[in-house]
Amino acid sequence: MRLSSVPPSAFRVPRWLVGALLLALLPPPAGAQQPDSLPKDSATLAPVVVTGLRLPSVRELARGLAGRTAALTATDLDARGVRSLADALEQLPGITTSDELGATGQLDVSLRGFNVSPVIGLPQGVTVYMDGVRANEPGAHEVNFDLLPLEDVERVEVVYGPSVLLGRNALGAAVNLVTRRGASPPSRELEASAGSFGRYELKAHAGARHGVWDYYLGARYEREDGWRDDTQSRIGTLFAKAGLLNHTWDATLGYSGADNKIFQAGSLPESELAQDPRTNFTRGDFFAPRAHLAVLNAQRIVGRGVQLAVNAFGRTMNSEQFNVNFVGEDSRQRTATRQAGAAAQLSGRLGLAGRALRWLAGADGAYQRTAVRIFAVPPTGPESLTESVRTNEVDLGVFAGANWEIARSLTATVAARYDWIRLPLEDLVDPSQSGLNIFQRVSPRVGLTWAGLRGHEVYASVSRGFRSPAVVELACSDPSSTCPLPFALGPDPALRPVVATNYELGWHFRGPGGLGGLDASATVYWTAVRDDIFFIASSVTGGYFQNIGATRRAGAEAALAWTSRAGLRLYANYGFTAATFRTTAVLATTRDPAGETVAPGDALPVVPNHRVNAGIALPVVRAHAARPSVRVAFDGRYVGRQWLRGDEANATRRLADYGVADAAATVTWRSLELRCMVRNVLDRRYENFGTYAENPTRPGNPVERWLTPGLPRHLTVSLSTDF
């Protein structure tokens, strides 16, 4: 039966959106700032300066942490028309997206062979922060990208490799989102978009500073029918921030809320995909979260050259995930999360042996209460509760770091972090199944940075990070008692934490300042991983987690950008990733009831070896008097072949490589901006995710390749105005 239209939001989205629109329409003061018409390609920003810290407001005091970083500004995000953080990160080298869930707002991200994804059960190796608050969910460490207000983000910062200062679980990278605040002159903007597949979007924001106070308010509402059957979605976000900036304090209090419902199509058996890629094989799957987050950030000078920064937050999230299953009963999972935490950080600068030494030290803690209930949903009759578990997790950490200019143009870095995690599991259906896990570890980092030639920097670093097992992984790790999906939770044999040791060498060159110049960088890395955690699918609806003795991610990244004084911009970046098993292991797979044996050198699935981005943006007509400006841009990306999930032994054929091109044109006239974007302009047909599973609709339930088709050509037109 075809599902009805998406129900209205519990936020009463149209009302609060109208309020935001009215605020944006208030009469503006004279001299309002005009939008920046020159987009920046930040894929080649300096790879040596760490701008993301546990508390982002003091980022400028911890430079030289010897590792690759990159950043995307609000202009970058807007120019490409990205809809989620996953979509935004794809612009950077070494990052690939895939679509396991069949929902454009819930893409998976692979960064240096580590995952960050909304998929429960996929081992996560990347940590995401927003204004100093960890966005990874406590239950499975997944990240729900649809809850992040990307349209209200000032910049996205990526710290590659294990991040000691940003916190635990950052094996491949840490991503830090810094949201906007009000400024002078005031800004007010309205934007309306419409496009293919019945999509429309309304956005509004307003911000200003009055004396020592500032404010910012943003709202977004989006609806879409979806290009595949029964994949409609509704996304509504609200963001607000009030700030104080005087001679004593720099403080902000922010709120972020979201109320969404996203229907998911998932993958298709290859036989069905060939007939019609728009088919939804399990109609009715959906994810419906509602989240609220309040964040306080403040900093002040407390002594000569010493700065104190504090952060406190509270968060609630209630979600419902419904899964339609051909094998077994349908299931409904309801999750309720309550989180609170705080952090404090001191930083400063002093002299040591006549050289500058920058230092910082701090501590953070969080309490996370998660309750999960899973219901079996039979074709007829009432639902029945099958699982009910609760955790009250406590996370504590201390960290310190310093970089010292040991010689002219040579800086040494030392940093370390200690984490203590208490993770109990309480089974409310069968108390005998309750258990307790405690993890603790020190994560160090050392590095050197040399800047002896003008415009050039060379760095080398060694760092170590760890990831504690998630609740879902700990509760589903017994191969003799596999878990049905979503998961049957219980105190299975304890998993060991994942430990990653990263070696990195890099170079960066930035040409002379001004509008024109060259920006180039290159990095090589080697990450040895011990006790990696994998979900082993033993049937179409069941499996378990287990540690793998050793894996490795090694590769190289290069980026190049050039901007002329006339506004022409060219960029290209490349990422090579070799993610392999380094030990022999026997894994369960739906391809073979006897399992499969992986050997050292076998490639990890869903990690392409090669990834290329390239693009050009050029002004066609320059603004002059009453004449509008016109700017066009073309972007392309190539993704290499990758092994399917469920073929860790690399025994079958890989997912085909593919290339996709996008085009955009922007017309700016006075306070109006009209943008037309065509994604996949050549209408290339491709698949970006693959796995193996039984096809219960065919005689004998044969095991087939299940693939997710990529988006076909689609158009978006938006009109915005500043006041």
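Residues numbered from 1 in each chain as written. Predicted model: local features only at pLDDT ≥ 70, side-chain atom pairs only at ≥ 80, totals over all residues. Heavy atoms only, no water.

## A look at the overall build of the chain
Under the convention used in this document: Only runs of H or I of at least four residues qualify as helices and only runs of E of at least two qualify as strands under DSSP, and these elements are numbered from the N terminus. Residue exposure (1.4 Å probe, protein chains only): buried if accessible area is under 20% of the type maximum, exposed if over 50%, otherwise partly exposed. The criterion used for residue contact is that any of the two residues' heavy atoms lie within 4.5 Å. For the accessible areas, the method is Shrake-Rupley and the probe is 1.4 Å, while residue cover comes only from the protein chains on display.
When helices and strands are tallied, the chain shows 5 helices and 36 strands. Taking all 723 residues of the chain together, 57% fall into the buried category. In the chain, 66% of the contacts between residues at least 6 apart in sequence involve partners at least 24 apart. As displayed, the chain has an accessible area near 28000 Å², and 60% of this comes from carbon and sulfur atoms.

## Considerations on the confidence of the model for the chain
To keep things clear, this is the line we draw: Per residue, pLDDT measures the predictor's confidence, with a range of 0 to 100.
Mean pLDDT over the chain stands at 85; residues scoring 70 or higher make up 86%. Ranking the elements of the chain by mean pLDDT puts helix α1 (residues 13-24) last, at 43, and strand β11 (residues 213-224) first, at 97. The model gives residues 485-493 a pLDDT under 50, and that stretch makes 43 contacts with residues more than four places away or in other chains.

## Brief notes about the pairing of strand β2 (residues 95-98)
Note the following rule: Should DSSP find at least two bridges between two strands, the strands are regarded as paired.
Residues of β2 alternate between two faces, with Ile95 and Thr97 on one and Thr96 and Ser98 on the opposite face, all of them buried. With 4 bridges connecting them, β2 and strand β3 (residues 108-111) associate as antiparallel partners. Its bridge partner lying in β3, Thr96 is registered against Ser110.

## Focus: the pattern of salt bridges
Short version of the rule: For this document, the term salt bridge refers to a Lys or Arg side-chain nitrogen within 4 Å of an Asp or Glu carboxyl oxygen.
Applying the stated criterion to the full structure yields 46 salt bridges. Residue Arg332 pairs with Glu383 through a salt bridge whose shortest N-O separation is 2.7 Å. Taken together, the positions of Arg332 in strand β17 (residues 330-352) and Glu383 in the loop between β18 (355-377) and β19 (384-407) put the pair 51 residues apart, joining distant regions of the chain.

## Considerations on the sheet that holds β3
As a reminder, the rule being used: Axis lines are fitted to C-alpha atoms, over the contacting stretch for helices. Their N-to-C directions set the angle, which ranges from 0 to 180 degrees.
Spatially, β2-β3-β4 is the arrangement adopted by the 3 strands of the open sheet, whose pairing is antiparallel. Of all the strands in the sheet, the pair left with one neighbour each is β2 and β4 (114-116). Averaged over neighbouring strand pairs, the angle between their axes works out to 25° when direction is ignored. The sheet contact formed by β3 and β4 spans 3 bridges and is antiparallel. From the neighbouring strand, Val109 faces β4, where its bridge partner is Val116.

## So, the packing of aromatic side chains
Aromatic ring pairs are reported here in terms of the distance separating the ring centres and the angle at which the planes meet. The line we're drawing: Only centres within 6.5 Å qualify two rings of Phe, Tyr or Trp (six-membered ring in Trp) as a pair; their planes then separate them into stacked at under 30 degrees, edge-to-face at over 60, and tilted for everything else.
Going through the model one piece at a time under the given rule, you end up with 6 aromatic pairs. Taken together, a centroid distance of 5.1 Å and an interplanar angle of 90° make the contact between Phe281 and Trp706 edge-to-face. Of this pair, Phe281 sits in the loop between α4 (270-275) and β15 (286-303) while Trp706 sits in strand β35 (residues 703-709); the two residues are 425 residues apart in sequence, bridging distant segments of the chain. For the pair Phe281 and Trp706, one class covers both residues: buried. With a centroid separation of 5.9 Å and an interplanar angle of 10°, the aromatic rings of Phe286 and Phe322 are classed as stacked.

## Some remarks on a nonpolar patch on the surface
Worth spelling out the cut-off: Any residue with relative accessible area above 30% and no salt bridge may belong to a patch, with like charges joined within 9 Å and the nonpolar Val, Leu, Ile, Met, Phe, Trp and Tyr side chains within 5 Å.
On the surface, Val667, Trp669, Leu672, Leu674, Leu715, Val717 and Leu719 cluster together to form a nonpolar patch covering roughly 530 Å² of accessible area. The set of elements that each furnish at least two residues to the nonpolar patch consists of β32 (658-669), β33 (672-679) and β36 (714-722). The dominant element in the nonpolar patch, judged by the number of residues it contributes, is β36, at 3 residues. Considering the arrangement of structural elements, one finds Leu674 in strand β33.

## Regarding the sheet that holds strand β6 (residues 133-134)
Pairing in this open sheet of 5 strands is mixed, and the strands run β1-β7-β8-β5-β6 from one edge to the other. Either end of the sheet is taken by a strand with one partner, and the two such strands are β1 (69-73) and β6. Note that β1 and strand β7 (residues 153-160) share 5 bridges and pair antiparallel. Its bridge partner lying in β7, Ala70 is registered against Val158.

## With respect to the nonpolar core
Formally: By nonpolar core we mean a set of buried residues, namely Ala, Val, Leu, Ile, Met, Phe, Trp, Tyr and Cys, connected to one another through side-chain atoms within 4.5 Å.
Counting residues in each nonpolar core, the largest one holds 55 residues, and the members touching the most others are Leu85, Val156 and Leu177. Counting residues in hydrophobic clusters, the runner-up holds 10 residues, among them Phe534, Phe581, Leu587 and Val607.

## With respect to unusual backbone geometry
The residue after Ser184, namely Pro185, is reached through a cis peptide bond having omega 5°. Here Pro185 lies in the loop between β8 (173-179) and β9 (187-195). A positive phi is found at Arg670, a non-glycine position, where the angle reads about 55°.

## Some details on the environment of Ser347
In this fold, Ser347 is placed in strand β17. The class for Ser347 is buried, based on a relative accessible area of 1%. When the C-alpha atoms of Ser347 and Ile301 are compared, they prove to be 9.6 Å apart, with 46 residues separating the residues in sequence.

## Let's talk about the side chain of Ser267
Mapped onto the elements, Ser267 comes out in the loop between β13 (250-263) and β14 (268-269). Exposure remark for Ser267: the relative accessible area of 11% places this residue in the buried category. Not counting residues up to four positions away in its chain, the partners in contact with Ser267 are Glu100, Phe281, Phe689, Trp706, Leu707 and Thr708.

## Focus on the pairing of strand β21 (residues 435-450)
Relative to β21, strand β20 (residues 410-427) runs antiparallel, the two sharing 16 bridges. By the bridge assignment, Arg417 is partnered in β21 with Ser443. Two elements, β21 and strand β22 (residues 456-467), share 6 bridges in a ladder whose sense is antiparallel. By the bridge assignment, Thr449 is partnered in β22 with Tyr459. Here β21 folds back onto β22, and the loop between the two strands holds 5 residues, one of which, Gly455, carries a positive phi near 85°.

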